[in-house]
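Each chain, letter by letter, is given below.
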Amino acid sequence: MIIRLVGLGLVACGLLAAALFLYVPLRDGTLPTLGFAGAKGLVFIPFAVVIGFALAAGGAPVLAAFQARPKSREQRTLIVLLLVISGALAGLGWWQLTRHFRRPTAPALLEPPPVPPRLPGQP
């Protein structure tokens, strides 16, 4: 039961990270250039969600497959399948971010530019 709750917590952590570090800045237009940290986030988020769902659905057998080197063909297939799914979701996320990415807008000037003083005798 604890393993399944940890899996749900991992899903919640991944979705919270996606909302706070990708969705909200993208919506507000404040997402900085996707650099090394953004790439790490794009790998972590799908991995956390996929592995969390696997732990919530499978429980102890899934955890046993991840704890040590896979001993059976089924464990190896499960690990590779989960990694491929999370990699595909990371690629889909990268594609969507590059498709909808907006550069931050320049701040609006709230005051008009200063007017030079007029000297006497000038028009």
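Everything numeric in this text was worked out from a predicted model, so none of it was measured. (Residues numbered from 1 in each chain as written. Predicted model: local features only at pLDDT ≥ 70, side-chain atom pairs only at ≥ 80, totals over all residues. Heavy atoms only, no water.)

## A short note on the overall build of the protein
Going by this rule: Each helix is a run of H or I in the DSSP string that is no shorter than four residues. Each strand is a run of E no shorter than two, and both are numbered from the N terminus. Think of it in three bands: with a 1.4 Å probe and only protein chains considered, a residue is buried below 20% of the maximum accessible area for its type, exposed above 50%, and partly exposed in between. Only heavy atoms enter the contact rule, under which two residues are in contact if any of them lie within 4.5 Å. Each accessible area is a Shrake-Rupley result for a 1.4 Å probe, and residues are judged covered by the shown protein chains and nothing else.
If you tally the helices and strands in the protein, you get four helices and zero strands. Secondary structure elements of the protein occur, N-terminal to C-terminal, as α-α-α-α. For the protein, the proportion of its 123 residues judged to be buried stands at 25%. For the protein, long-range pairs separated by at least 24 residues make up 78% of all intrachain contacts whose partners lie at least 6 apart in sequence. Accessible area of the protein: about 9,200 Å², with a carbon and sulfur share of 71%.

## Comments concerning the nonpolar core
Note the following rule: Definition used in this section: a nonpolar core is a set of buried Ala, Val, Leu, Ile, Met, Phe, Trp, Tyr and Cys residues joined via side-chain atoms within 4.5 Å.
Counting seven residues, the largest nonpolar core is built from A17, A18, L22, L26, L42, I45 and L97. Mapped by element, the contributors of at least two residues to this core are helix 1 (2-28) and helix 2 (36-58). Non-local contacts of A17, meaning those with residues more than four positions away in its chain, are made with L22, F44 and I45. Among the nonpolar cores identified, the runner-up in size contains six residues, and I51, A54, L55 and L82 belong to it.

## A word on the environment of G87
Mapped onto the secondary structure, G87 falls in helix 4 (residues 73-100). What makes G87 partly exposed here is its relative accessible area of 42%. Between the C-alpha atom of G87 and that of L42, which follows or precedes it by 45 residues, the distance is 9.5 Å.

## Considering the layout of surface pockets
Heads up, the rule is: Only protein atoms enter the 1 Å grid used here, on which a cavity is any set of points holding a 1.4 Å probe that cannot leave and a pocket is any open set flanked by protein within 12 Å on both sides along at least five of seven lines; residues with an atom within 4 Å of a point are listed as lining. Grid points are joined across faces, edges and corners, and a volume is the space filled by probe spheres set on the points. Amino acid classes used here: Ala, Val, Leu, Ile, Met, Phe, Trp, Tyr, Cys and Pro are nonpolar; Asp, Glu, Lys and Arg are charged; the rest, including Gly, are polar.
The computed volume of the largest pocket comes to approximately 370 Å³. Around the largest pocket, the lining is made up of 17 residues, and of these L22, L42, G93, Q96 and L97 lie nearest the centre. Going through the elements one at a time, helix 1, helix 2 and helix 4 are the ones with two or more residues in the lining of the largest pocket. For the lining of the largest pocket, the per-class residue count stands at 13 nonpolar, four polar and no charged.

## Notes on the packing of helix 3 (residues 60-67) against helix 4
Quick reminder of the rule: Working convention: axes come from line fits to C-alpha atoms, limited for helices to the stretch in contact. Angles between N-to-C directions cover 0 to 180 degrees. Geometric relationships in this document are graded by angle, where less than 35 degrees denotes roughly parallel, more than 145 denotes roughly antiparallel, 65 to 115 denotes roughly perpendicular, and other angles denote oblique.
Close contact between helix 3 and helix 4 brings their axes to 10 Å; oriented N to C, the two are set at 85°. Between helix 3 and helix 4, the interaxial angle falls into the category roughly perpendicular. Counted together, V62, A64, A65 and F66 of helix 3 and Q75, L78, I79 and L82 of helix 4 form the full contact between these two elements. Across the contact of helix 3 with helix 4, the residue classes break down as seven nonpolar, one polar and no charged.

## Details of the side chain of S86
Within the secondary structure, S86 is located in helix 4. Each residue touching S86, except ones within four places of it in the same chain, is listed here: P46, F47 and V50.

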